[in-house]
Amino acid sequence: MEKVSQITPSERQQVLRVQKKLLCKGNKSWHHMAYTEWTNTVSPSTKTIVMVHGLTSNSKSFDVLAEYLTAKLGHKCICPDVVGRGNSSWLADPLEYNYERYVADIATLISSLHTEELYYVGTSMGGIIGMFLSACPGVPFKKMVINDIGSFVPKEALERIGNYVGKNMVWEDHQKLKEYVDTIYKPFGLSGDAMEYIFSAYTVHESDLIRFHYDPKIAYIFSQNKEWKDLDLSPFWNNIDKGLPVLIIHGINSDILSAETISKMKEGREETTESFTVENVGHAPMLFDLIEVERITAFLQ
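Every value quoted in this text rests on a predicted model; they were computed, and no experiment measured them. (Residues numbered from 1 in each chain as written. Predicted model: local features only at pLDDT ≥ 70, side-chain atom pairs only at ≥ 80, totals over all residues. Heavy atoms only, no water.)

Novice: Explanation requested: a nonpolar patch on the surface in the structure shown.
Specialist: Together, L95, Y220 and I221 line one region of the surface with nonpolar side chains, adding up to about 250 Å² of accessible area. Within the fold, Y220 resides in helix α9 (residues 220–223). (Patch = residues over 30% accessible without salt bridge, like charges linked within 9 Å, V, L, I, M, F, W, Y side chains within 5 Å. Areas by Shrake-Rupley, 256 points an atom, 1.4 Å probe, with all protein chains shown as cover. Salt bridge = Lys/Arg side-chain N within 4 Å of Asp/Glu carboxyl O. Helix = DSSP H or I, 4+ residues; strand = E, 2+ residues; numbered from the N terminus.)

Spelled out as structure tokens, the structure:
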């Protein structure tokens, strides 16, 4: 990871990484949302960047990007574990694992930050959360990055995700789990050290077992789908202020986001909406490579 991020030892020493928790109110109970706060102890900037991960991942998805932005530019980075993932609470009612809950929790987090220079980065599910937040007038974001998600998601891609999420959660054989993880994350274009990092970040050891680091009940809503349908998010996208600068990151082999969807998203927003395509990657770019990190860095400047 150090080779990817190009951070010097002296720059890394300036970075303080702290694990925190925020109390959030659900429909039926209170719960905690864990998050990682990255700060530069020597040369802090005034910018705060909230980074929200995908469906089955957690805040560690942004370790490379957050450390880079904090070490190189002094930005404060806030990376939450969406409820049901990572170190956040698990909800008793599986029906509460929905976007209404996720958006409300992230809004609670944003309100707690008390910053005027707020930026947003969201991968897949995190990008949808960002679009929902931005569709509400008065959103405090200065700029937004959405990673491999857009205003339209085809039903075939949703079915693919529904076929694995929440299943094969617990394993005894370390190597077989690695092979299974490899099949899931192969579209991300990962290999070697990056794949090893994903394996350690998205799994947790319990006694002699290894399990994925999320509540299997997050898949409940997927299991209720008897017939998959396309997901049209264009009403939300169209309600986002056209003056908000947006960077759309696209894995060229993605089945979630197409070039056609990106073109439609840019219509009427040519001055403020940019796109960046990552070669040899599907859904979704992991934002580990220097070219991806530097492109996001340049956009946030």
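Novice: Sorry, what's going on with the nonpolar core here?
Specialist: Where a protein is soluble and globular, its nonpolar side chains tend to be buried together. Residues M51, L65, Y120, I129 and I146 are the most contacted members of the largest nonpolar core, which totals 96 residues. Ignoring anything within four residues of it in the chain, the contact list for I129 reads V52, Y99, Y102, V103, I106 and Y120. (Core = buried A, V, L, I, M, F, W, Y, C linked by side-chain atoms within 4.5 Å. Buried < 20%, exposed > 50% of the residue type's maximum accessible area, 1.4 Å probe, protein only. Contact = heavy atoms within 4.5 Å.)

Novice: Sorry if this is basic, but what is going on with the sheet that holds strand β2 (residues 30–40) here?
Specialist: The strands making up a sheet associate through hydrogen bonds between their backbones, and the pairing can be parallel or antiparallel. Spatial ordering of the open sheet is given by β1-β2-β4-β3-β5-β6-β12-β13, a layout of eight strands whose pairing is mixed. At either end of the open sheet lies a strand with only one pairing partner, and these are β1 (15–25) and β13 (273–278). Direction aside, the axes of adjacent strands within the sheet are offset by 20° on average. In this structure, strand β6 (residues 141–147) lies alongside strand β12 (residues 246–251), joined through four bridges in parallel fashion. Among the inter-strand pairings, V145 is bridged to a residue of β12, identified as L247. Sheet contacts for helix α4 (residues 99–113): β1, β2, β3 (48–52), β4 (76–80), β5 (118–123) and β6; angle to β1, the most-contacted strand, approximately 125°. (Pairing = 2+ DSSP bridges. Axes fitted to C-alpha atoms, helices over the stretch in contact; angles between N-to-C directions.)

Novice: What am I meant to see in the environment of E179 here?
Specialist: Topologically, E179 is positioned in helix α7 (residues 174–185). The class of E179 is partly exposed, set by a relative accessible area of 45%. On a C-alpha basis, the gap between E179 and A66 in space is 28 Å, while along the polypeptide they are 113 residues apart.

Novice: I tried to follow a negative patch on the surface on my own but got confused; where do I start?
Specialist: Taken together, the side chains of E172, D173, E179, D182 and D208 present a region of like negative charge at the surface. Its relative accessible area of 33% is what places D182 among the partly exposed residues. (Lys, Arg positive; Asp, Glu negative; His and termini not counted. Charge placed at Lys NZ, Arg CZ, Asp CG, Glu CD.)

Novice: Would you mind showing me how to read the sheet that holds strand β9 (residues 203–206) here?
Specialist: Ordered in space as β8-β10-β9, the three strands form an open sheet in which the pairing is antiparallel. Where the open sheet ends on each side, the last strands, each with one partner, are β8 (170–171) and β9. Both β8 and strand β10 (residues 209–212) contribute to a ladder of two bridges, which runs antiparallel. If you follow V170 over to β10, its bridge partner there is R211. α7 contacts β8, β9 and β10 of the sheet and is inclined by roughly 15° relative to β10.

Novice: Just to check I follow, could you spell out the packing of α4 against helix α5 (residues 125–134) for this structure?
Specialist: When two helices pack together, their arrangement is captured by the angle between the axes and the distance separating the axes. Running from amino to carboxyl end, α4 crosses α5 at an angle of 75°, the nearest separation of the two axes being 10 Å. Of the possible angle classes, the one that applies to α4 and α5 is roughly perpendicular. Listed contacts from α5 to Y99, Y102, V103, I106, A107 and I110 of α4 are M125, I128, I129, F132 and L133. Among the residues making up the contact of α4 with α5, the classes are represented as 11 nonpolar, no polar and no charged. (Parallel < 35°, antiparallel > 145°, perpendicular 65-115°, else oblique. Nonpolar A, V, L, I, M, F, W, Y, C, P; charged D, E, K, R; others polar.)

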